Amino acid sequence: MNTKTESVDRQSTRTEEEWRERLTPQQYEILRRGGTEPPFTGEYAFSKADGTYRCAACGHQLFSSEAKFESGTGWPSFTEPAFAENVELRSDDSHDMVRTEVRCRHCDSHLGHVFDDGPGRSGQRYCINSAALSLQPLQEAR
């Protein structure tokens, strides 16, 4: 998996061809086309590593490992974003369902969906594709 991160000064101006060159085929399908990885297959589905989860496309900080929990769904799940200003929520009625899509506010990449069945005060479960994330281990985040 491509986990390289970089500054985001020109993320919104990338062409689709530039995204194809930068991302793995799976990342491109998920981040740029709104796809979903199969459950229980993602790199971070069962990860217990401490750190900050960043957008795999642009590197912006999104979620903290402190908010990650085992939901039993097969995708990394978080109770809340660590950096709410870096995520955008949109209505999604694709696949004959009504859901709330989670996107990176900086590069407009699809990350996953949020549901109202999570633990914690908010009751939300941010269900995020592993391929949309890059984990920055805690020792590197300092």
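Cut-off values and rules
Every chain is numbered independently, its residues counted from 1 as its sequence is written. Reporting of local features is limited, given that this is a predicted model, to residues whose pLDDT is at least 70; pairs of side-chain atoms are given and counted only at 80 or more, and all residues count toward the totals for whole chains, interfaces and linings. Side-chain figures throughout are based on the complete set of non-hydrogen atoms in the structure, without hydrogens or water. Helix and strand assignments come from DSSP, with helices taken as H or I runs of at least 4 residues and strands as E runs of at least 2, each series counted from the N terminus. Working rule for contacts: check all heavy atoms of both residues, and any pair within 4.5 Å makes them a contact. The rule for pairing is simple: two strands pair if DSSP sees at least two bridges between them. The buried label goes to any residue with under 20% of its type's maximum accessible area, the exposed label to any with over 50%, and the partly exposed label to all in between, with areas taken from a 1.4 Å probe on protein chains only.

One can find A45 in the loop between α2 (25-32) and β1 (51-55). A sequence separation of 32 residues divides A45 from S77, and the C-alpha atoms of the two residues are 8.0 Å apart. Setting aside residues up to four positions removed in sequence, A45 forms contacts with K68, E70, G74, P76 and S130.

Within the open sheet, the six strands sit side by side as β3-β4-β8-β7-β6-β5. Their pairing is antiparallel. The open sheet terminates on both sides in strands that have one partner only, identified here as β3 (68-69) and β5 (87-92). Bridge count for β3 against strand β4 (residues 77-78) is two bridges, and the pairing is antiparallel. Within β4, the position partnered with F69 by the bridge is S77.

Look at F40: it is not a glycine, yet its phi comes out positive at around 65°. Its place among the elements puts F40 in the loop between α2 and β1. Despite not being glycine, D108 shows a phi value in the positive range, around 60°. As for its placement among the helices and strands, D108 is situated in the loop between β6 (99-104) and β7 (110-115). Judged by its relative accessible area of 30%, D108 is partly exposed.

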